[in-house]
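Each chain is listed here by its residues.
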Amino acid sequence: MTRTADIVICGAGICGVSAAYFLSKAGFRDILLLDERPPLSLTSDRSTECYRNWWPDAAMLALMNRSIDLMESIAEETGNRFRMNRRGYLYLSADPAGIPALIARAERTSGLGGGPLRIHRSESSAYQPAIPEGYRAQPTGADLLLESSLIQKHFPYVTDAAVAALHVRRAGWLSAQQLGMTLLDAARSRGVRVEAARVAEVETENGRVRGVRLDSGERVESPIFVNAAGPFLNDVAKLVGVDLPVHTELHLKAAIKDSAGVVGRDAPLLIWDEPQTLAWDEADRRSLTETPETRWLTEPLPAGAHTRPEGGEDSQTILMLWEYKTRLTPPIWPPALDEQYSEIAMRGLTAMLPRMRGYFERMPRPQLDGGYYTRTRENRPLVGPLPIDGGFVVGAVSGYGIMAACGVGDLLAAHVAGTELTAHAAAFHPARYDDAGYQKEIASGDDSGQL
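Residues numbered from 1 in each chain as written. Predicted model: local features only at pLDDT ≥ 70, side-chain atom pairs only at ≥ 80, totals over all residues. Heavy atoms only, no water.

## Observations regarding the packing of helix H1 (residues 14-25) against helix H5 (residues 176-189)
- One way to put it is that H1 packs onto H5 with a least axis distance of 8 Å and a crossing angle of 40°. Both H1 and H5 take part in a crossing whose hand is left-handed. Contacts from Ile-14, Val-17, Ser-18, Ala-20, Tyr-21 and Ser-24 in H1 reach Gly-180, Leu-183, Leu-184, Ala-186 and Ala-187 in H5.
- Grouping the constituent residues of the contact of H1 with H5 by class yields eight nonpolar, three polar and no charged. (Axes fitted to C-alpha atoms, helices over the stretch in contact; angles between N-to-C directions. Helix = DSSP H or I, 4+ residues; strand = E, 2+ residues; numbered from the N terminus. Left-handed = near helix turned anticlockwise from the far one by under 90°. Contact = heavy atoms within 4.5 Å. Nonpolar A, V, L, I, M, F, W, Y, C, P; charged D, E, K, R; others polar.)

Put into structure tokens, the structure is as follows:
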């Protein structure tokens, strides 16, 4: 059996759904969105579900500003169906010697388009706290609090050792599932078809896409094929003879019931912005140092332990995340979960939230899950045409898929429609790797990428 479609999209994660939404909004009608799994079920809701426009890279910052503009516009149209807030990100440090570097980094990001930087050095300064819900009429840029008493006044649950708190303001979180369903429902209302199927083959002729063959044996003739396969981005790219420069990492997330109220229910996303060594009692430390498999738990670990409240006013749930050990692995479903993760993440949070130690004796039962983040070395996404006519890719949004989804979907639609591209589009084009200068730049850069 053979049928037709104007566009076939492979992958119904947040990028594929966003691509379908913006392509249908651009006027394409006969769009087929394919995935062997239910939409938005693989990785799209396995993160903090947060967003921010605060990036140390001009192209990424421009992309996020555009994406947030689009999310806010959709929130206005839908009565904020996906519960977008502007609580912000709060980066905390207890290192006075690091303040000049922190200011320099903040000034640089501000200058790239992140918004104004306001520095507060006393309790009498005009710092405006965030509202817990909603996103309207909130400051942009960032507020840097450099007075311990001011930090304690507004964030009394964090350690009194904190001497600097950078509150990024065009930031917060939302329901990833509801954002995805909002986009998907709108796309369906414009004629997008969603089907459960696996793309087994992409058919090409004379250097251009002709259609796809499904695992059922059915053929779909189509001149345009969009690879939005998330963790399987490179597997699908190989169906058109392309090898994408991406890899996958397993990232975990733990949720616990914070019955002691360690994290304020109106808190922003809280991030400990310093490397640290975990606190162990002497007996545990001796035991951990005895074998190479556990010795690393007594050694310095990276910055970035973070948490936020989850749920409404009556909820006691908090999310705990910390990428203390990068797990490079092919995407296997279901992912292998590390049962140590919840305790290690909790111990990492005690530097920022000392009352978390109260859970050491009897840790709340965690809910642990994880997903695969697909990324390029420099951690910029891939959005644009592949080296075959009619082939396109949108993905490699490691660690920022929810916040970037609208931006990359909008950009992908512009590529397919042949309309004017944004100034930052070239930074995400797959052909950027053909530039020897770009290759040299990323080879000499930090392997950790933009994040």
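There is more to say after this.
## So, helix H3 (residues 99-114)
- Taking 1.5 Å per residue, 16 residues should reach 22 Å; H3 reaches only 19 Å between its end C-alpha atoms and comes up short.
- Where H3 ends, the next residue or the one after it, Gly-115, has phi of about 105°, a positive value. (Expected span 1.5 Å × (residues − 1).)

## Quick look at the sheet that holds strand S1 (residues 2-4)
- Spatially, four strands are ordered S1-S13-S12-S11 in an open sheet, and the strand pairing comes out mixed. Bordering the open sheet on either side are S1 and strand S11 (199-205), each of which pairs with just one other strand. The mean inter-strand angle of the sheet, taken between neighbouring strand axes irrespective of direction, is 30°.
- In this structure, S1 lies alongside strand S13 (residues 219-221), joined through three bridges in parallel fashion. Residue pairing for S13: Thr-4 is matched across the bridge by Glu-221. (Pairing = 2+ DSSP bridges.)

## Observations regarding the packing of aromatic side chains
- Per the counting criterion, the structure on display carries eight aromatic pairs.
- Judged by centre distance (6.2 Å) and plane angle (40°), the ring pair of Tyr-89 and Tyr-91 falls under tilted. Comparing Tyr-89 with Tyr-91 shows no difference in burial state: the two are buried.
- Judged by centre distance (5.7 Å) and plane angle (25°), the rings of Tyr-324 and Tyr-341 are stacked. Of this pair, Tyr-324 sits in the loop between strand S18 (317-321) and strand S19 (327-328) while Tyr-341 is found in helix H9 (residues 341-349), placing the two residues 17 residues apart along the sequence.
- A residue is classified by how much of its surface remains accessible, and Tyr-324, at 6% relative accessible area, is buried.
- Through pairs of rings, three or more aromatic residues link up here, namely Trp-296, Trp-322, Tyr-324 and Tyr-341.
- For the cation-ring pair, Arg-190 lies above Tyr-21, with the distance from its terminal atom to the ring centre recorded as 4.7 Å.
- Over the ring of Phe-360 we find Arg-347; its NZ or CZ atom is 4.2 Å from the centre of that ring. (Phe/Tyr/Trp six-rings, centres within 6.5 Å; stacked < 30°, edge-to-face > 60°. Buried < 20%, exposed > 50% of the residue type's maximum accessible area, 1.4 Å probe, protein only. Lys NZ or Arg CZ within 6 Å of the ring centre and 35° of its normal.)

## Side note on the pattern of salt bridges
- For the coordinates displayed, the defined rule picks out 26 salt bridges.
- A salt bridge links Glu-205 to Arg-210; its shortest N-O distance comes to 3.8 Å.
- Taking relative accessible area as the criterion, Arg-210 reaches 37% and is therefore assigned partly exposed.
- Within this structure, Glu-201, Glu-203, Arg-213, Arg-219 and Glu-221 form a network of salt bridges that share partners. (Salt bridge = Lys/Arg side-chain N within 4 Å of Asp/Glu carboxyl O.)

## Points about a negative patch on the surface
- A cluster of acidic residues, Asp-281, Glu-282, Asp-284 and Glu-361, forms a negative patch at the surface.
- Mapping Glu-361 onto the fold places it in the loop between H9 and strand S20 (367-376).
- The class of Glu-361 is exposed, set by a relative accessible area of 79%. (Patch = residues over 30% accessible without salt bridge, like charges linked within 9 Å, V, L, I, M, F, W, Y side chains within 5 Å. Areas by Shrake-Rupley, 256 points an atom, 1.4 Å probe, with all protein chains shown as cover. Lys, Arg positive; Asp, Glu negative; His and termini not counted. Charge placed at Lys NZ, Arg CZ, Asp CG, Glu CD.)

## Some points on the nonpolar core
- By size, the foremost hydrophobic cluster in this structure holds 77 residues, and its most contacted members are Ile-9, Tyr-89, Leu-166, Val-394 and Leu-412.
- In terms of nonpolar packing, the next biggest core, distinct from the first, is built from 45 residues, Leu-252, Met-320, Tyr-341 and Leu-349 among them. (Core = buried A, V, L, I, M, F, W, Y, C linked by side-chain atoms within 4.5 Å.)

## Quick look at the packing of helix H2 (residues 58-78) against H3
- Running from N to C, H2 and H3 point in directions that differ by 55°, and their axes come no closer than 9 Å. As judged from the angle between their axes, H2 and H3 are oblique. With respect to the hand of their crossing, H2 and H3 are arranged in right-handed fashion. Taking contact as the criterion, the partners of Ala-58, Leu-61 and Asn-65 in H2 are, on H3, Thr-109, Leu-112, Gly-113 and Gly-114.
- Considered class by class, the residues forming the contact of H2 with H3 number three nonpolar, four polar and no charged. (Parallel < 35°, antiparallel > 145°, perpendicular 65-115°, else oblique.)

## Points about unusual backbone geometry
- Trp-333 connects to Pro-334 through a cis peptide bond whose omega is 0°.
- Non-glycine residue Leu-40 carries a positive phi angle of around 65°.
- Looking at the element boundaries, Leu-40 is found in the loop between strand S3 (31-35) and strand S4 (50-52).
- Despite not being glycine, Ala-396 shows a phi value in the positive range, around 60°.
- With respect to the helices and strands, the residue Ala-396 is situated in the loop between strand S22 (391-395) and helix H10 (401-417).

## What about the sheet that holds strand S10 (residues 193-196)?
- Strand order in this open sheet of six strands is S10-S3-S2-S14-S22-S21, and the pairing throughout is mixed. Looking along the sheet, the strands with just one partner apiece sit at the ends: S10 and strand S21 (382-385). For this sheet, the mean inter-axis angle between neighbouring strands, taken without regard to orientation, is 20°.
- In the packing of H1 onto the sheet, the strands contacted are strand S2 (7-10), S3 and S22, and the crossing angle to S3 comes to about 175°.
- The strands touched by H10 within the sheet are S2, strand S14 (224-227), S21 and S22, with S21 carrying the most contacts at an inclination of about 10°.

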